[in-house]
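Understanding the architecture of this molecule
One-letter residues, chain by chain:
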Amino acid sequence: MPVVWSDLHGSHDPGGEIWVGVHTPGTELPARADAIRAELADAGAAFVDAERQPDEALHAVHDAGLTDYLARAWEDWNGAGLPDDPGQDRVVPYLFPDPSLFSGFPPTIAASPTARAGQFAYDTMTLVGPGTWEAARAALDTAVTAAGLAARGDGPAYALTRPPGHHATRSAFGGSCYLNNSAAAAARLRRDTGARVAVIDIDAHHGNGTQAIFWDDSEVLTGSVHVDPGAGWFPHFLGFASETGRDGSNRNLPLAPGAGDDAWLAAVAELAGWARERGAGALVVALGVDAAAGDPESPLRVSANGYRAAGRELGDLGLPTVVVQEGGYDLAAIGRLVREALEGLEEGMRA
Ligand code: SP5
Ligand code: ZN
């Protein structure tokens with residue numbers, strides 16, 4: 001299947017993560033996308049450059065407040081001299097305008113770039129540097145380009161997106177995500193096919209941003225299998241089975257830490273069956289490969305064969321399909337894991 005790609009991913013280097021106030025190295029690195037690309041090139045994949053999409057593609061899933069902020073965040077931070085004083089070369093929030101502060105009225109946009117960051121970021125780990133906006137925008141363009149190809153009906157397409165997207169909501173960024181690539185792909189599939197779209201998220205973490213974006217939309221089904229937030233895992237506050245969306249259009253299947261192929265594949269099959277029963281006519285697979293045993297960001301223990309089997313299960317739906325890259329942080333393994341998932345999907349479609 002075509003692999004849609006943008007060189008601009010490399011202009012985003014978050015330069016680490018600030019976690020509990022400590023600067024840690026972080027795992028969402030430019031080398032991730034390069035490792036996946038190298039493995040798919042070895043497998044003989046055809047690469048297609050992402051096409052710049054109109055702003056409508058962005059605003060189908062994001063408020064202008066967030067996109068206007070992100071587009072200027074680095075320049076404003078740099079312009080205020082913050083890399084020199086106090087010596088912070090990434091945009092980092094320090095103050096979060098909790099709704100309880102405001103007696104129901106909306107906060108004004110803060111004048112200081114230091115405060116403004118907390119108005120749009122919901123964590124301290126998702127840092128903005130000089131090329132972050134260009135890369136995030138290119139990742140969304142990549143996903144939407146792939147969705148356009150898949151909607152033509154000549155087979156599935158894979159969007160090799162970085163930075164990832166499924167934690168970004170309509171109006172806030174976090175979880176290493178800035179713009180929601182999978183959601184933008186779903187919106188494009190919806191527009192081009194007119195069909196009900198299912199987003200099936202098999203990243204190790206709950207796809208909270210995608211859930212929130214489509215919560216009220218019964219024409220976009222959102223399902224996610226992930227490590228149980230109730231066992232202490234990101235995104236902590238969301239991803240519980242009780243979150244069913246308006247009209248039951250959302251489905252969460254949390255798994256215990258340590259769960260492996262059997263439990264995980266049963267959940268993937270459950271989500272696939274649910275999408276089929278509910279009349280999905282097009283599919284987005286939010287493909288995180290961080291559920292693999294050995295990934296540093298999750299305690300799930302899925303194997304490479306498990307990813308291949310998940311691909312087969314989802315391919316067997318036989319729908320116009322776009323696969324969008326989300327997480328996956330074990331640099332030595334992620335290329336192979338993605339390849340297995342994509343080959344499994346192609347096998348499932350042929351079967
Ligand atoms: C797209 C995606 O997979 N995002 C996952 C973001 C989860 N990051 C949670 C990080 C939680 C703190 N990690 C501390 C690591 C200490 N070694
Ligand atoms: Zn993840």
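Further up the page is the structure itself.
Residues numbered from 1 in each chain as written. Chains lettered and ligands numbered in written order. Predicted model: local features only at pLDDT ≥ 70, side-chain atom pairs only at ≥ 80, totals over all residues. Heavy atoms only, no water.

Before going further, it helps to examine the overall build of the chain. Within the chain, the secondary structure is distributed over 10 helices and 10 strands. Whereas a compact globule of 351 residues would reach a radius of gyration of roughly 20 Å, the chain reaches 19 Å, a difference of no more than 12%. For the chain, the spread of C-alpha atoms along the three principal axes comes to 60 × 45 × 40 Å. Taken across its 351 residues, the chain has 56% of its residues classed as buried. Pairs at least 24 apart in sequence give 77% of the contacts found in the chain among residues at least 6 apart. For the chain, the exposed area adds up to about 13,600 Å²; of that, 52% sits on carbon and sulfur atoms. With 24 positive and 47 negative side-chain charges, the chain shows a separation of 5 Å between the mean positions of the two kinds. (Helix = DSSP H or I, 4+ residues; strand = E, 2+ residues; numbered from the N terminus. Rg over C-alpha atoms; globule rule 2.2 N^0.38 Å. Buried < 20%, exposed > 50% of the residue type's maximum accessible area, 1.4 Å probe, protein only. Contact = heavy atoms within 4.5 Å. Areas by Shrake-Rupley, 256 points an atom, 1.4 Å probe, with all protein chains shown as cover. Lys, Arg positive; Asp, Glu negative; His and termini not counted. Charge placed at Lys NZ, Arg CZ, Asp CG, Glu CD.)

Let us look at the coordination of the zinc ion (ligand 2). For the zinc ion (ligand 2), the full set of protein donor atoms is Asp203 (OD), His205 (ND1) and Asp290 (OD), at a range of 2.0 to 2.1 Å. Classification of the site at the zinc ion (ligand 2) rests on its 4 donor atoms, whose angles at the metal span 98 to 134 degrees, yielding the label tetrahedral. (Donors = N, O, S within 2.8 Å, 3.2 Å for Na, K, Ca; no water. Tetrahedral: all angles 85-135°; square planar, octahedral: opposite > 155°, others 65-115°.)

Attention shifts here to the packing of helix H8 (residues 261-277) against helix H9 (residues 304-315). Angle between the axes and distance between the axes: these two values describe a pair of packed helices. Interhelical geometry of H8 versus H9 gives an angle of 15 degrees and a closest axis separation of 10 Å. In terms of orientation, H8 and H9 fall into the roughly parallel class. For H8 against H9, the interelement crossing comes out right-handed. For the pair H8 and H9, contact is made by Asp261, Trp264, Leu265, Val268, Ala269 and Ala272 and by Gly306, Tyr307, Ala309, Ala310, Glu313 and Leu314, respectively. For the contact of H8 with H9, the class distribution of residues is 9 nonpolar, 1 polar and 2 charged. (Axes fitted to C-alpha atoms, helices over the stretch in contact; angles between N-to-C directions. Parallel < 35°, antiparallel > 145°, perpendicular 65-115°, else oblique. Left-handed = near helix turned anticlockwise from the far one by under 90°. Nonpolar A, V, L, I, M, F, W, Y, C, P; charged D, E, K, R; others polar.)

Turning to the packing of H9 against helix H10 (residues 334-350), a few remarks are in order. Contact geometry for H9 and H10: axes closest at 6 Å, N-to-C directions at 35 degrees. Along this stretch, H9 crosses H10, giving a crossing that reads as right-handed. Counting all contacts with H9, which are made through Ala304, Tyr307, Arg308, Gly311, Arg312, Leu314 and Gly315, the residues of H10 involved are Arg336, Leu337, Glu340, Ala341, Glu343, Gly344, Leu345, Glu347, Gly348 and Met349. Looking at side-chain class alone, the contact of H9 with H10 contains 7 nonpolar, 4 polar and 6 charged residues.

This next bit is on the pattern of salt bridges. Inspection of the entire model under this criterion finds 22 salt bridges. Asp76 is paired through a salt bridge with Arg116; the nearest N and O atoms lie 3.0 Å apart. Of the two residues, Asp76 is situated in helix H3 (residues 64-79) and Arg116 in helix H4 (residues 113-120); the sequence distance between them amounts to 40 residues. Classification of Asp76 as buried rests on a relative accessible area of 19%. A relative accessible area of 14% places Arg116 in the buried class. Glu340 is paired through a salt bridge with Arg336; the nearest N and O atoms lie 2.8 Å apart. Taken as a pair, Glu340 and Arg336 lie in helix H10 at a separation of 4 residues, close to a single helical turn. A residue is classified by how much of its surface remains accessible, and Arg336, at 43% relative accessible area, is partly exposed. The network of salt bridges with common partners includes Glu39, Arg308, Arg312, Arg336, Arg339, Glu340, Glu343 and Glu347. (Salt bridge = Lys/Arg side-chain N within 4 Å of Asp/Glu carboxyl O.)

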